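The residues making up each chain are set out below.
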Amino acid sequence: GNTVNINRQQNNDEVRKAIRFIVTFVVIIVFAIILITASTFTVKEDEQAVVKRLGAIQRIIINDDNTFLEEHPETLRVQGADLQSISIESGSGLFWKVPFIDAVEKYDSKLFTYVSSEEEVYTYDKNRYIITMYAQWRITNPGLFAIKHRTAKEASLYLDNLIFPEINQNIN
C-alpha cells in the first residue's frame, strides 16, 4: 500500500510542475506578444508617419515616391519647427518604436480635396457672385504638418484663410 501512495504523490508533484511550467510559459508568451505589439507599428503604402517621443518629433516616415523633402530641404527649418536633426526614413511596412514612450501619428499620403462653403462675393461694379472653391493638396512634409495643422480639418481652415482672400482680390 505504501508504494502506491508514494507513486501517487510523485505523480501529483509532476502534474503540479507541468501545470506551473505551462502557466509560466503562457504568461511569458502573452508578455512577449504585448511587448512586440507595443514595440512595432506598420505604415501602409498610402500612409506617412511621425514618431514622437514624449511629444517631440524623433522620426518622419515618408512614402518612397515622396521627393519633396529632398527637393525642398528648407521646409525642415521653418519658423516654429526645426526638423533638420530628425531621422527621415522612406518606405512602408513594419517599424520599431520604444514601447509606451513613443507615439505614432499617421497621415494619409493621397490627395485631399478641399471644398469651401459657398461664399458671396461682390465686384467693384456691384455684380454678385456665389463661389465655391476647390483645391487638391497632399501632405508632403508630415513633420511640419504635425506641428502646424495636425488634422485635415485644421488644414482646410488654413486653406479657407489662404485661398478666399486671393479669390476675392482677383474677382475685384
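Summary of the structure given here. Sequence positions are assigned chain by chain, starting from 1 and proceeding in written order. For a predicted model such as this one, the threshold for reporting local features is a pLDDT of at least 70, and the threshold for listing and counting side-chain atom pairs is 80 or more; totals across whole chains, interfaces and linings nevertheless cover every residue. Excluding hydrogens and water, the side-chain values take into account all heavy atoms of the structure.

1. Structural notes on the overall build of the chain
- In this description a helix means any DSSP run of H or I spanning at least four residues, a strand means any run of E spanning at least two, and both kinds are numbered starting from the N terminus. Per the secondary structure count, the chain includes four helices and 12 strands.
- Taken against the 2.2 N^0.38 rule, which gives 16 Å for 172 residues, the C-alpha radius of gyration of the chain at 29 Å runs more than 25% over that of a compact globule.
- Along the longest, intermediate and shortest principal axes, the C-alpha atoms of the chain span 115 × 35 × 25 Å.
- Working definition: with a 1.4 Å probe on protein chains only, accessible area under 20% of the residue-type maximum means buried, over 50% means exposed, and in between means partly exposed. Relative to its full complement of 172 residues, the chain shows a buried share of 28%.
- Only the protein chains shown count as cover for residues, and the accessible areas themselves come from Shrake-Rupley with a 1.4 Å probe. Carbon together with sulfur atoms contributes 55% to the accessible area of the chain, which is approximately 12000 Å² in total.
- Asp and Glu are treated as the negative residues and Lys and Arg as the positive ones, with His and the ends of the chain left uncounted. Each charge is placed at NZ for Lys, CZ for Arg, CG for Asp and CD for Glu. Between the averaged position of the 18 positive side-chain charges in the chain and that of its 22 negative side-chain charges there is a distance of 13 Å. Throughout, the radius of gyration refers to the C-alpha atoms, and the reference size of a globule is 2.2 Å times the residue count to the power 0.38.

2. Here we look at the sheet that holds strand S6 (residues 87–90)
- A pair of strands is treated as paired once DSSP finds two or more bridges between them. In space, the four strands of this open sheet follow the order S6-S3-S2-S8, with mixed pairing throughout. The sheet is open, and its two borders are formed by S6 and strand S8 (102–108), each paired with just one other strand. Adjacent strand axes in the sheet meet at a mean angle of 20 degrees, parallel and antiparallel pairs treated alike. Fitted lines through C-alpha atoms serve as axes, helices being fitted only where they are in contact, and the angles separating the N-to-C directions of these axes extend from 0 to 180 degrees.

3. As for the side chain of Glu47
- Locating Glu47 in the fold gives a position in strand S2 (residues 47–53).
- The rule for a salt bridge is simple: a side-chain nitrogen of Lys or Arg has to be within 4 Å of a carboxyl oxygen of Asp or Glu. This buried residue, Glu47, is left without a salt bridge; Lys106 holds the nearest opposite charge, at 4.2 Å.
- What qualifies as a polar contact is a pair of N or O atoms within 3.5 Å, subject to a donor-acceptor requirement within protein and to the restriction that residues adjacent in sequence count only when both atoms come from side chains. Among the polar contacts listed, one links the side chain of Glu47 to the backbone nitrogen of Lys44, at a separation of 3.0 Å.
- Should any heavy atoms of two residues lie within 4.5 Å, those residues are counted as being in contact. Not counting chain neighbours up to four residues away, the residues in contact with Glu47 comprise Thr42, Asn63, Lys106, Tyr107 and Ser109.

4. With respect to the pairing of strand S10 (residues 119–122)
- Two strands pair when backbone bridges link them, and S10 and strand S11 (residues 128–131) are joined in this way by four bridges, in the antiparallel orientation. In the sheet register, Val121 faces S11, and the bridge partner there is Tyr129.
- Between S10 and S11, which pair antiparallel and follow one another directly, the connecting turn spans five residues, one of which, Lys126, has a positive phi of 70 degrees.

5. Focus on the pattern of salt bridges
- A full pass over the atoms with the stated rule returns six salt bridges.
- Its salt-bridge partner being Asp46, residue Lys110 comes within 3.3 Å of it at the nearest N-O pair. With Lys110 in the loop between S8 and strand S9 (112–115) and Asp46 in the loop between strand S1 (40–43) and S2, this pair connects stretches of sequence that are 64 residues apart.
- Across the pair Lys52 and Glu105 runs a salt bridge, and its minimum N-O distance is 3.2 Å. Here the residue Lys52 occupies a position in strand S2, and Glu105 occupies one in strand S8, the gap between them amounting to 53 residues.
- With relative accessibility at 22%, the residue Glu105 sits in the partly exposed group.

6. Notes on the packing of aromatic side chains
- What counts as a ring pair is set by centres within 6.5 Å for rings of Phe, Tyr and Trp (its six-membered ring), and what kind of pair is set by the plane angle: stacked under 30 degrees, edge-to-face over 60, tilted for all other angles. Applying the stated criterion across every chain, the model contains five aromatic pairs.
- When the ring of Phe21 is compared with that of Phe25, the centres are 6.2 Å apart and the planes differ by 20 degrees; the resulting orientation is stacked. One end of the pair, Phe21, and the other, Phe25, are both in helix H1 (residues 2–39), four residues apart, so they sit about a helical turn from each other.
- Using a relative accessible area of 59% as the deciding quantity, one classes Phe21 as exposed.

7. So, the side chain of His149
- The residue His149 is located in the loop between helix H3 (142–148) and helix H4 (152–171) in this model.
- Those residues in contact with His149 that sit more than four places away from it in its chain are Leu144, Glu154, Ala155 and Tyr158.

What is shown is where atoms sit, not what they do.
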